[in-house]
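Reading the structure
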Amino acid sequence: MPYLEQSRHFKGLLLALLSGLCSSSLTTCTRLALSIPAVQLTTIRKALQTLFIVPLVLFSKQSFFTEKEDWLLVAVRVIVGNAGSMCASYAEQNMPYVSDASAIIFSSPAFVTLFAYVLLSEPCGPVETITTLMAIAGMLLISKPAFLFGNEAETPPILALPQRLSLCLLTFY
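What counts as what
- Residues numbered from 1 in each chain as written.
- Predicted model: local features only at pLDDT ≥ 70, side-chain atom pairs only at ≥ 80, totals over all residues.
- Heavy atoms only, no water.
- Helix = DSSP H or I, 4+ residues; strand = E, 2+ residues; numbered from the N terminus.
- Buried < 20%, exposed > 50% of the residue type's maximum accessible area, 1.4 Å probe, protein only.
- Contact = heavy atoms within 4.5 Å.
- Expected span 1.5 Å × (residues − 1).
- Arc of directions from axis to C-beta.
- Patch = residues over 30% accessible without salt bridge, like charges linked within 9 Å, V, L, I, M, F, W, Y side chains within 5 Å.
- Areas by Shrake-Rupley, 256 points an atom, 1.4 Å probe, with all protein chains shown as cover.
- Salt bridge = Lys/Arg side-chain N within 4 Å of Asp/Glu carboxyl O.
- Axes fitted to C-alpha atoms, helices over the stretch in contact; angles between N-to-C directions.
- Parallel < 35°, antiparallel > 145°, perpendicular 65-115°, else oblique.
- Left-handed = near helix turned anticlockwise from the far one by under 90°.
- Nonpolar A, V, L, I, M, F, W, Y, C, P; charged D, E, K, R; others polar.
- Polar contact = N/O pair within 3.5 Å; in protein donor to acceptor, adjacent residues only side chain to side chain.
- Core = buried A, V, L, I, M, F, W, Y, C linked by side-chain atoms within 4.5 Å.
- pLDDT = per-residue confidence, 0-100.

**Re the overall build of the protein**
Summing up its helical and strand segments, the protein has 8 helices and 0 strands in all. Mapped in sequence order, the helices and strands of the protein form the string α-α-α-α-α-α-α-α. Evaluated residue by residue, the protein yields a buried proportion of 23% over its 173 residues. Within the protein, contacts between residues at least 6 apart in sequence are counted, and of these 73% link residues at least 24 apart.

This is how it looks when you write it as structure tokens:
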């Protein structure tokens, strides 16, 4: 039995590394495809995901459909998820540094914690509060606001702030 437990941990670690590799590859491809609009990139990405997911669903004998009472929630999830993917693709293409876009995108767990506390009344202890505040502060420092860095920092286009905020809010899918 201990061998079985160790193999599960190894499998989890391997899948986490594979996930990171795939995410980095996706970000690199998005940055290299500057001539393709973010909406088209998101459509291509979702089509490729469908090609990988359909065989898995068929193999596991799961249903493609949910109960009728869940359709509204699934529709909202699809719309918000696709909007988040489009914002992420747009940010990766148009922000000066890919690392900035990636750091903002990966700060989404902090916003999940914040929204879960505010909207769902989930408990939030001191550790969660401190790490959430640190993540949000780090994301703000990455965006290099002029009131902290003065005129020496890059001044982003006028639509950069709303785009970055929507990226943060929509990537928690």
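**A short note on helix α6 (residues 126-142)**
An ideal rise of 1.5 Å per residue puts 24 Å on 17 residues; α6 measures up with 24 Å between its terminal C-alpha atoms. Those residues of α6 that fall on the buried side of the exposure criterion are T132, I136 and M139. Taken down its axis, α6 places every buried residue within 60° of arc, on the same side. Residues of α6 that are exposed and point over 90 degrees away from its buried face: P126, V127, L133 and M134. In the stretch just after α6, K144 is the one whose phi turns positive, near 50°.

**As for a nonpolar patch on the surface**
Among the surface-exposed residues, I44, L48, L51, F52 and I53 lie close enough to one another that they form a single nonpolar patch of about 540 Å² accessible area. As for its placement among the helices and strands, F52 is situated in helix α2 (residues 38-59). Taking the relative accessible area as the measure of exposure, F52 reaches 62% and is therefore exposed.

**Regarding unusual backbone geometry**
Positioned with a positive phi, K61 is a non-glycine residue whose angle comes to about 60°. Under the relative-accessibility criterion, K61 is labelled exposed at 76%.

**Brief notes about the packing of α2 against helix α3 (residues 71-94)**
Across the interface, α2 lies against α3 with an axial gap of 9 Å and an inter-helix angle of 125°. One way to sum up the angle between α2 and α3 is to call them oblique. For the pair α2 and α3, the sense of crossing is right-handed. Note on element contacts: α3 touches α2 through N82, S85, M86, S89, Y90 and Q93, opposite A38, V39, L41, T42, R45 and K46. Partitioning the contact of α2 with α3 into residue classes produces 5 nonpolar, 5 polar and 2 charged.

**So, the side chain of S85**
The residue S85 is located in helix α3 in this model. Given the relative accessible area of 0%, S85 is considered buried. Looking at S85, its side chain comes within polar contact range of the side chain of K46, at 3.3 Å.

**Thoughts on the packing of helix α5 (residues 108-120) against α6**
The geometry of α5 relative to α6 is characterised by a closest axis approach of 9 Å and an angle of 130° between their N-to-C directions. Taken together, the axis directions place α5 and α6 in an arrangement best described as oblique. Handedness of the α5/α6 crossing: left-handed. On the side of α5, the interface is formed by A110, F111, T113 and L114, while α6 contributes E128, T132, A135, I136 and M139.

**Overview of the nonpolar core**
A91, M95, A101, I104, A110, F111, I136 and M139 together form the largest nonpolar core, which totals 8 residues. Among the elements of the structure, α4 (98-105), α5 and α6 are those that each provide at least two residues to this core.

**What to know about the confidence of the model for the protein**
Detailed conclusions should not be drawn from predicted coordinates in areas where pLDDT is low. For the protein, mean pLDDT is 78; residues scoring 70 or higher make up 80% of the total. The element-level mean pLDDT for the protein is lowest in helix α8 (residues 160-170), coming to 60, with α2 highest at 87.

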